[in-house]
Amino acid sequence: MKSLDYFKMRAHLYPREVNLNVEFTLQEMENIWYCNRKSVKEKIKKFENEGKYTYLPGRGRGHFSRLHFSTPLQEEIEETVLYCLEEEHMEDVFQLLRLPIPHAWITNLSKEIRSFLGFQTNEYEKEILRLTVAKRIVTLDPTASAINFEYYLLQQLGNTLVSYNQETDTVVPQLAHCWKAENNHQTWTFYLRKGVQFHHQRMLHSEDVKYTLERFIQQSTSKHWLIKDILTIECLSSHHIRIQLSRPHPLFLRYMSLPALTILPSDVPFQEDKFIGTGPFFLKKRSDSVLVIEAFDSYFRERPLIDEIEFYFLATNTLLTSSIEVKGETVHKPRQKKEDVLVGFRFLIFNFNRQSIIQNSDFRCALFHLLDMKQMWSDLGRENVVESSSLFPWKSVSKVRDKTLVPTLLEKSGYQGETLTIYTKNIFEDLEVTNWIIKEAHSFGIYFRCITFNMDDFYSSQLEEQADVLFASEVASSDYHLSFLDSFYNEANLFQRFIDKKRFSFLQDGLEQLQYEQDHSKREAWIDKIEAYLRDEHFIIHLYHPMINRVVDSAIQNTSFELWGYDDFRASWIEKNSP
């Protein structure tokens, strides 16, 4: 498939297509194809010459042009996908499936597509696992990553000085085999392992750690809060490094376990498509439609047993997203459905940097009372709603919502029926929830217009400049307390971007206490206070805790579920049939 332009156009026009006929403007095509008017006309003529449609140009300014297509879009999509599968052009397949087309079409093709997914053994006995994911990555730069899937990949590709063990609530060795804290946790010394190799075959030494931290300090990173207390970094020997802080910091050791502080080599400039780390997998290929990682034979710990993992990116969650099948040698193993409650929550966040009715607490309170999660779950045909009032499922309780209060609250707020803008990710499940919210609000005379965004847009200023409300999510890592801090201190996250400085200052005192508190129970108490403040002021509206459903072939053994919502295959292996 040489070009996606034709299918981009058809997918864009499809919602208003009637009997293969559709009207459009040349300006639309300029926006879809990112080219000028002359190039648009050339493309339209080219596709007409190929027999894809007949074209009737609009006459005069403001008049629509018309197309009559030769073949239904579903038929063209299916034919093209099957051809690409036959030719093993997998990237082309997933570029097509990332277009905004009806889910049922993908379901119809699932059998053919799945034959190329899952675990495979090639002629050289190389074991390859092919998966689909609903999220693309924006960056693999540890200093800039802010999306869960990016953190997940960093753990596959790199290592930090230490790791956090959630079960024991302790820090364990990784690149550093030992460490010590002195001067009331103000001076930290790390002793590095010997014989650790980067993916470009050079040995790890203390200059790499210093380079990584200094790079973090020098760059304009959204996670500056992690290293703001560092005063000096001194390499005492090739495997011995000392970090001096500006104040006592008992949790600093745990900071060193975060993916943001993945150690990079000092002799190679960072490149997105040539990530070099010390992790169990190295980056083999990266494009808009696929990312491939391969087992690193010289990994300093146990080498992964699966040789290669290919992640294919889809635009939305589909039935294929978490499917794993076994191919190559026939393996007859039952498929297992696994369901987990993510440690995280879905919520509406208000943009206090825009001057709109959301500044009014009565209006926000009205929205809280009209959004009944049990009713939403019933209306959408979903099961097992886990209503949230906290980031953490075990802290959440069902809050009383009373729709009879909504009219009075709206009257007190002074709402005049103005239309507000709600942003949501361009994912089917998110759109379904957002449309339900819009419909429910409309029944009380509250008007929203919906704008979708892709994760590519997450870091742009468009969100804080144009959104009044955003349907958001927050998912914790295994270190719950640091995840909570990162939710607020990470400048790429929505709390920093949507809560104005005056309101954020009320949160700042509690966050500061939490950040430097050594006692676990006292940190829990500060988290409770901060969350209560958010609830009481309706800075956000808690909705529900997401469930993740995965269908996993039982032949794939020893997978562990990552709290960011993905399966960890670093120690996985394949159980084949007995002879």
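Caption draft 1: Local environment of the packing of aromatic side chains. Counting across every chain of the model gives 29 aromatic pairs. Plain terms: the ring middles of tyrosine 423 and phenylalanine 453 are 6.4 Å apart, the flat faces sit at 35° to each other, and that makes the pair tilted. Residue tyrosine 423 is found in strand E17 (residues 419-425), and its partner phenylalanine 453 is found in strand E18 (residues 447-453); the two are separated by 30 residues along the sequence. Given a relative accessible area of 0%, tyrosine 423 falls into the buried group. By relative accessible area, phenylalanine 453 is classed as buried at 4%. Consider the rings of phenylalanine 484 and phenylalanine 488, whose centres lie 5.1 Å apart with planes at 55°: the pair is tilted. Placement of both phenylalanine 484 and phenylalanine 488 in helix H16 (residues 480-489) is noted, with a separation of four residues, approximately one turn of the helix. Here phenylalanine 484 matches phenylalanine 488 in class, with each residue buried.

Caption draft 2: Local environment of the sheet that holds strand E2 (residues 53-56). Here three strands make up an open sheet; going across it, the order is E1-E3-E2 and the pairing antiparallel. The strands lining the two open edges of the sheet, one partner per strand, are strand E1 (21-24) and E2. For this sheet, the mean angle separating the axes of adjacent strands, direction not counted, is 20°. One ladder, built from four bridges, connects E2 with strand E3 (residues 65-69); its direction is antiparallel. Paired with leucine 56 across the two strands is arginine 66, which belongs to E3. Its contacts with the sheet put helix H1 (residues 5-13) on E1, E2 and E3, and the angle it makes with E3 is roughly 105°. Across the sheet, helix H3 (residues 37-49) lies against E1 and E2, angled at about 140° from E2, the strand it touches most.

Caption draft 3: A look at helix H14 (residues 428-442). Taking 1.5 Å of rise per residue, the 15 residues of H14 would be expected to cover 21 Å, and the 21 Å separating its terminal C-alpha atoms lies within 8% of that figure. Regarding H14, the residues found buried are Asp430, Val433, Thr434, Trp436, Ile437, Ile438, Glu440 and Ala441.

Caption draft 4: Quick peek at the packing of helix H2 (residues 26-33) against H3. Put simply, H2 and H3 touch, their axes get as near as 9 Å, and they point 95° apart. On the basis of the axis angle, H2 is roughly perpendicular to H3. Where H2 abuts H3, its residues Leu26, Gln27, Met29, Glu30 and Trp33 lie against Arg37, Val40, Lys41, Lys43, Ile44 and Phe47. Among the residues making up the contact of H2 with H3, the classes are represented as six nonpolar, one polar and four charged.

Conventions and cut-offs
- Residues numbered from 1 in each chain as written.
- Predicted model: local features only at pLDDT ≥ 70, side-chain atom pairs only at ≥ 80, totals over all residues.
- Heavy atoms only, no water.
- Phe/Tyr/Trp six-rings, centres within 6.5 Å; stacked < 30°, edge-to-face > 60°.
- Helix = DSSP H or I, 4+ residues; strand = E, 2+ residues; numbered from the N terminus.
- Buried < 20%, exposed > 50% of the residue type's maximum accessible area, 1.4 Å probe, protein only.
- Pairing = 2+ DSSP bridges.
- Axes fitted to C-alpha atoms, helices over the stretch in contact; angles between N-to-C directions.
- Contact = heavy atoms within 4.5 Å.
- Expected span 1.5 Å × (residues − 1).
- Parallel < 35°, antiparallel > 145°, perpendicular 65-115°, else oblique.
- Nonpolar A, V, L, I, M, F, W, Y, C, P; charged D, E, K, R; others polar.

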